[in-house]
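These are the residues of each chain, in order.
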Amino acid sequence: MTFWILISLMALLVAAFLLLALLRGRPQLEPAAASDLRVYREQLQGVDRDLARGVIAEADASRIRTEISRRILAADAQIQSDSKSKTQARAVNIGVSLVLVAGVIGGALSLYQSLGAPGYGDLPLSLRLERSKDLRANRLDQSTAEARMPAAPVPELPEDYANLVKQLRQTVAERPDDLQGHVLLAQHEANVGNPKGAYEAKARVITLLGPKATSQDFSEFGEMMIVAAGGYVSAEAEQALARALEIDPNNGPARFYWGRMLSQIDRPDLAFRLWSQTLQQGPAGAPWIAAIRAQIEELAHRAGVEYELPPETPHQTAPDVGPSRDDIEAAGEMTDSERQEMIQGMVNRLSDRLATEGGTPPEWARLIGALAVLGNTEQAAAIYGEAQSVFANSPEALNIVQQAAKQAGVAP
């Protein structure tokens with residue numbers, strides 16, 4: 001309100017000065033015709049005096065009076081014309097003044113509408129920082145954030161896989177201290193689209209691990225809560241991310257979600273700085289890198305930074321997990337069971353690497369296909385569900401994985 005009062009007073013003051021300058025005009029000087037009129041009248045009086053003294057004849061006096069009278073009428077007409085012109089000029093000045101006043105006030109309002117923020121008070125840096133602190137200190141808790149979310153549709157799962165998850169839930173409920181059971185439950189709850197069940201199982205994993213819990217454990221825990229809250233970083237999720245970054249400051253997923261949290265508390269400047277550093281660190285092809293590339297330009301605009309997204313670097317070539325030449329030659333001398341065991345070992349190595357280090361969409365697709373060939377359709381379906389979560393923000397990657405899942409018979 002104070003801002004509007006000051007702006008209005010300034011606009012009125014400028015308008016008043018303009019009106020005063022236009023309406024006052026030049027100093028009022030006597031017109032030349034008025035001076036001539038006084039001279040002519042004095043001449044008439046002089047003619048009468050000359051006639052009384054006998055200096056001029058009556059005929060000459062009459063002729064002179066006629067000439068002077070004609071000049072008097074002409075001077076009077078000039079005076080009337082000048083007066084009318086001044087009246088018209090004054091009216092024009094008033095009109096121009098009103099137009100200028102309207103232009104100054106209207107122009108200021110129009111400029112503020114396009115460049116300002118109507119309805120909002122002034123936001124100096126100190127006030128913005130204070131407001132950001134309040135937003136961070138008063139973040140929604142996890143349960144409140146989840147309550148705002150609409151009910152998620154229940155995904156259609158293969159019957160055998162759904163039964164497997166159900167059995168796993170029952171087993172873990174009966175064995176609350178089974179670390180491996182909770183690890184599997186957290187993974188499969190995420191696969192079936194139950195992020196709340198996933199982060200509850202993950203919380204139990206962290207409790208059982210105690211000081212052995214890794215940065216990845218806390219990062220996954222925070223991510224599961226964020227997914228359950230529809231992308232909102234709650235106070236509990238922030239604590240999990242902070243712990244993950246405390247253990248490993250270079251944890252990519254934790255850095256991505258920490259940047260999202262900074263953006264949500266109105267600190268796009270800090271979020272942009274963190275994301276740009278994470279983007280430079282890579283690795284290329286990581287899911288969080290793709291997510292950052294999709295959002296960092298808008299974040300830079302909010303932060304007031306001139307930013308040009310760097311060209312996408314090719315994905316690093318993944319280590320070869322296929323059989324070597326020696327393996328192929330040795331396979332010819334193996335029995336069926338030995339050959340099957342060798343293939344299973346290579347698949348297990350690929351599965352372990354994808355679970356710990358991540359990988360490219362073709363690698364996930366290859367693992368799904370290999371498991372299907374080995375007859376492990378349940379595990380192939382589980383891997384497909386995990387890949388959907390990993391590449392949720394990359395339609396192209398999802399398409400590659402989905403095609404492999406269709407060929408393996410674990411996707412519609």
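Residues numbered from 1 in each chain as written. Predicted model: local features only at pLDDT ≥ 70, side-chain atom pairs only at ≥ 80, totals over all residues. Heavy atoms only, no water.

- By the naming in an unreviewed UniProt entry, the protein is C-type cytochrome biogenesis protein CcmI, taken from Phaeobacter gallaeciensis.

1. Comments concerning the nonpolar core
- Counting residues in each nonpolar core, the largest one holds 41 residues, and the members touching the most others are Leu241, Phe256 and Trp258.
- Contributions of two or more residues to this core are made by helix H6 (159-174), helix H7 (179-191), helix H8 (195-209), helix H9 (215-228), helix H10 (235-247), helix H11 (252-264), helix H12 (268-281) and helix H13 (287-303).
- Ranked by the residues each element gives to this core, the list is headed by H13, at 7 residues.
- Those residues within four positions of Phe256 in sequence are excluded, and the remaining contacts are Trp275, Trp288, Ala291, Ile292 and Gln295.
- The next biggest cluster of nonpolar side chains, apart from the first, holds 20 residues, and it includes Leu354, Ile383, Val401 and Ala408. (Core = buried A, V, L, I, M, F, W, Y, C linked by side-chain atoms within 4.5 Å. Buried < 20%, exposed > 50% of the residue type's maximum accessible area, 1.4 Å probe, protein only. Helix = DSSP H or I, 4+ residues; strand = E, 2+ residues; numbered from the N terminus. Contact = heavy atoms within 4.5 Å.)

2. Examining the side chain of Ser215
- Position of Ser215 relative to the elements: it lies in helix H9.
- Polar contacts involving the side chain of Ser215 include one to the main-chain carbonyl oxygen of Ala244, which spans 2.7 Å. (Polar contact = N/O pair within 3.5 Å; in protein donor to acceptor, adjacent residues only side chain to side chain.)

3. Some points on the packing of aromatic side chains
- Tallied over the entire structure, the rule returns 5 aromatic pairs.
- Relative to Phe221, the ring of Tyr199 has its centre 6.5 Å away and its plane inclined at 55°; by these criteria the two rings are tilted. In this pair, Tyr199 sits in helix H8 while Phe221 sits in helix H9, placing the two residues 22 residues apart along the sequence. Neither Tyr199 nor Phe221 differs from the other in exposure class; each is buried.
- With 6.2 Å between their ring centres and 90° between their planes, Trp364 and Phe391 make a pair best called edge-to-face. On the criterion of sequence distance, the pair formed by Trp364 in helix H16 (residues 361-373) and Phe391 in the loop between helix H17 (377-390) and helix H18 (395-408) is long-range, its members being 27 residues apart.
- With relative accessibility at 3%, the residue Trp364 sits in the buried group.
- Taken together, the aromatic side chains of Phe256, Tyr257 and Trp275 make up a single cluster linked through ring pairs.
- Across the ring face of Tyr232, the terminal group of Arg148 is positioned such that the distance to the ring centre comes to 5.1 Å. (Phe/Tyr/Trp six-rings, centres within 6.5 Å; stacked < 30°, edge-to-face > 60°. Lys NZ or Arg CZ within 6 Å of the ring centre and 35° of its normal.)

4. Re the packing of H11 against H12
- At a minimum axis distance of 8 Å, the contact between H11 and H12 shows a crossing angle of 160°. In terms of axis orientation, H11 runs roughly antiparallel to H12. Note on packing geometry: the crossing formed by H11 with H12 is left-handed. Between H11, through Arg255, Phe256, Trp258, Gly259, Arg260, Leu262 and Ser263, and H12, the contact on the second element is made entirely by Pro268, Leu270, Ala271, Leu274, Trp275, Gln277, Thr278 and Gln281. (Axes fitted to C-alpha atoms, helices over the stretch in contact; angles between N-to-C directions. Parallel < 35°, antiparallel > 145°, perpendicular 65-115°, else oblique. Left-handed = near helix turned anticlockwise from the far one by under 90°.)

5. Observations regarding H7
- If you check H7, its first and last C-alpha atoms are 19 Å apart, about what 13 residues at 1.5 Å a residue would give, namely 18 Å.
- For H7, every residue scored as buried is listed here: Gly181, His182, Leu185, Ala186, His188, Glu189 and Asn191.
- The N-capping residue of H7, defined by a side-chain oxygen 3.4 Å from the backbone nitrogen of Gln180, is Asp178.
- After H7 finishes, the residue Gly193 shows a positive phi value of roughly 80°. (Expected span 1.5 Å × (residues − 1).)

6. Overview of unusual backbone geometry
- Even without a glycine there, the phi angle at Asp266 is positive, about 65°.
- In this structure, Asp266 sits in the loop between H11 and H12.
- Residue class for Asp266 comes out partly exposed when judged on its relative accessible area of 28%.

7. Examining H8
- Here H8 spans 21 Å end to end across 15 residues, near enough to the 21 Å set by a 1.5 Å rise per residue.
- What H8 keeps buried is the set Gly197, Ala198, Tyr199, Ala201, Lys202, Val205 and Ile206.
- Packed against the buried residues of H8 are helix H5 (142-147), H7 and H9.
- Looking one or two residues beyond H8, the residue adopting positive phi is Gly210, at roughly 65°.

8. Comments concerning the pattern of salt bridges
- Summed over all chains, the structure comprises 11 salt bridges.
- A salt bridge links Lys196 to Glu200; its shortest N-O distance comes to 3.4 Å. With Lys196 and Glu200 both in helix H8 and 4 residues apart, this pair spans about one turn of that helix.
- With a relative accessible area of 38%, Lys196 lands in the partly exposed category.
- Overall, the relative accessible area of 43% leaves Glu200 in the partly exposed class.
- When the shortest N-O distance is used, the salt bridge between Arg267 and Asp269 registers 2.7 Å.
- The class for Asp269 is partly exposed, based on a relative accessible area of 28%. (Salt bridge = Lys/Arg side-chain N within 4 Å of Asp/Glu carboxyl O.)

9. Points about the packing of H9 against H11
- Across the interface, H9 lies against H11 with an axial gap of 9 Å and an inter-helix angle of 40°. One element, H9, and the other, H11, form an angle in the oblique class. When you trace H9 past H11, the crossing you get is left-handed. In this structure, H9 contributes Ser219, Glu223 and Ile226 to the contact, and H11 contributes Pro253, Ala254, Tyr257 and Arg260.
- Looking at side-chain class alone, the contact of H9 with H11 contains 4 nonpolar, 1 polar and 2 charged residues. (Nonpolar A, V, L, I, M, F, W, Y, C, P; charged D, E, K, R; others polar.)

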